Amino acid sequence: MLNKLQKIKLLLAYKNSGNLGDFAILKSDLFGAKINQEINSQLQQVVGYHPPINLEILSQYPQGSFGYEYAQHMQKNHLQPINISPELEEVAASNVFALRYAITHDIFHLLLGFDTSYAGEIGVLAFAAEQNYSQSLKISLWLAEILYPILAPRQIKAIFTNVQKGKKLGKKVDCLLGYRFEEHWTESIQEVRKNLGFL
């Protein structure tokens, strides 16, 4: 395993590499993102599971399918999926929570109906905090509730509305962090939402 200094050097090297997956997993690992032990057992089905996500392929799926809608969301917001390089396999395996949270973050945006504004980001954060994945997410939400209204004063109403909506949805559905979303790209997005308990 890498020591802290090695992790910092690696993080800086990957910062401008263009591979956001590698950067995200290194950052989470460096800052010690730890999962709640109650949730840990629910992640066993995704240990070592991070199939590459190809937006070009997904964008060719039928309109209304989960894969197509995800690709549209990513392309519209100029986002890239989180893919991990083979050389970081050991880091990914050592922190399943950090990897899975990074991979599912944009999927959550789509399923929850939150955009990528400050208000949308805090909605996803509120959902994840309510799902009780990690104490660090609860702290992040508390800080975001203070900072986001300052950073985006025109979104204040939406920020507080989305916090409540995210928390409500987080209570409504079972833990999603261990769900293999990547096996459901061909299903309709409505079917995925229904099967997960959103509808």
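Please refer to the structure higher up on the page.
Residues numbered from 1 in each chain as written. Predicted model: local features only at pLDDT ≥ 70, side-chain atom pairs only at ≥ 80, totals over all residues. Heavy atoms only, no water.

**A few points about helix α11 (residues 189–196)**
Point 1. For α11, the complete set of buried residues consists of I189, V192, R193 and L196. The buried residues of α11 all sit within an arc of 100° when viewed along its axis, so they share a single face. In α11, the exposed residues that point more than 90 degrees away from the buried face are K194 and N195.
Point 2. Looking at the buried residues of α11, the elements they touch are α5 (66–76) and α7 (96–112).
Point 3. At the C-terminal side of α11, G197 shows a positive phi close to 95°. (Buried < 20%, exposed > 50% of the residue type's maximum accessible area, 1.4 Å probe, protein only. Helix = DSSP H or I, 4+ residues; strand = E, 2+ residues; numbered from the N terminus. Arc of directions from axis to C-beta. Contact = heavy atoms within 4.5 Å.)

**Some remarks on the side chain of S134**
Point 1. Position of S134 among the secondary structure elements: in the loop between α8 (118–130) and α9 (135–151).
Point 2. Note on S134: relative accessible area 1%, which makes it buried.
Point 3. Side chain to side chain, S134 and S136 meet in a polar contact 2.7 Å long. (Polar contact = N/O pair within 3.5 Å; in protein donor to acceptor, adjacent residues only side chain to side chain.)

**What to know about the environment of S59**
Point 1. Among the secondary structure elements, S59 is positioned in the loop between α4 (55–58) and α5.
Point 2. Look at S59 and you get partly exposed, because its relative accessible area is 24%.
Point 3. The sequence separation of S59 and E69 amounts to 10 residues, and the corresponding C-alpha distance is 7.8 Å.
Point 4. Setting aside residues up to four positions removed in sequence, S59 forms contacts with Y68, A71, Q72 and Q75.
Point 5. Here the side chain of S59 touches E56 through a polar contact of 2.8 Å, landing on its backbone oxygen.

**Quick notes on the nonpolar core**
Point 1. Ranked by size, the top nonpolar core spans 51 residues in total, and within it F66, Y70, L111, F127, Y133, L176 and F198 carry the most contacts.
Point 2. Where this core is concerned, the elements lending two or more residues are α4, α5, α7, α8, α9, α10 (156–172) and α11.
Point 3. Looking at this core, the element that brings in the most residues is α7, giving 11 residues.
Point 4. In contact with L111, other than residues within four places in its own chain, are F66, F181, I189, V192, R193, L196 and F198. (Core = buried A, V, L, I, M, F, W, Y, C linked by side-chain atoms within 4.5 Å.)

**Describing the environment of I156**
Point 1. Tracing the chain through its elements places I156 in helix α10.
Point 2. The spatial distance from the C-alpha of I156 to the C-alpha of A119 is 7.7 Å, given a sequence separation of 37 residues.

**A closer look at a nonpolar patch on the surface**
Point 1. A surface patch of nonpolar side chains, about 810 Å² in accessible area, is lined by Y118, I139, W142, L143, I146, L147, I150 and L151.
Point 2. Ranked by residue count, the leading element in the nonpolar patch is α9, at 7 residues.
Point 3. Tracing the backbone through its elements, the reader meets I139 in helix α9.
Point 4. Taking relative accessible area as the criterion, I139 reaches 46% and is therefore assigned partly exposed. (Patch = residues over 30% accessible without salt bridge, like charges linked within 9 Å, V, L, I, M, F, W, Y side chains within 5 Å. Areas by Shrake-Rupley, 256 points an atom, 1.4 Å probe, with all protein chains shown as cover. Salt bridge = Lys/Arg side-chain N within 4 Å of Asp/Glu carboxyl O.)

**Digging into the packing of α8 against α10**
Point 1. Between α8 and α10, the least distance of the axes is 7 Å, while the angle of their chain directions is 30°. By the angle class used here, α8 and α10 are roughly parallel. At the point where α8 passes α10, the crossing takes the right-handed sense. Residues A119, G120, I122, G123, A126, F127 and E130 of α8 lie in contact with α10, whose contacting residues are A158, I159, N162, V163, G166, K167, L169, G170 and K171.
Point 2. The residue makeup of the contact of α8 with α10, split by class, is 8 nonpolar, 5 polar and 3 charged. (Axes fitted to C-alpha atoms, helices over the stretch in contact; angles between N-to-C directions. Parallel < 35°, antiparallel > 145°, perpendicular 65-115°, else oblique. Left-handed = near helix turned anticlockwise from the far one by under 90°. Nonpolar A, V, L, I, M, F, W, Y, C, P; charged D, E, K, R; others polar.)

**A few points about unusual backbone geometry**
Point 1. Of note, H78 is a non-glycine position whose phi angle comes to about 55°, a positive value.
Point 2. In this structure, N132 is a non-glycine residue whose phi angle is positive, near 65°.
Point 3. Assignment of secondary structure puts N132 in the loop between α8 and α9.

**Points about the packing of aromatic side chains**
Point 1. One pass over the full model with this rule turns up 10 aromatic pairs.
Point 2. An angle of 70° between the planes, with centres 5.0 Å apart, marks the rings of Y118 and Y148 as edge-to-face. Taken as a pair, Y118 in helix α8 and Y148 in helix α9 lie far apart in primary sequence, 30 residues in all.
Point 3. When its relative accessible area of 35% is taken as the criterion, Y118 is described as partly exposed.
Point 4. An aromatic cluster of at least three residues, connected via ring pairs, comprises F66, Y70, F108, F127, Y133, Y179, F181, W185 and F198.
Point 5. Stacked on the ring of F114, the Lys or Arg K165 has its end atom at 5.0 Å from the ring centre.
Point 6. The residue whose ring lies beneath R180 is Y49, and the NZ or CZ to ring-centre distance is 3.9 Å. (Phe/Tyr/Trp six-rings, centres within 6.5 Å; stacked < 30°, edge-to-face > 60°. Lys NZ or Arg CZ within 6 Å of the ring centre and 35° of its normal.)

Any functional reading would require information beyond the geometric quantities listed.
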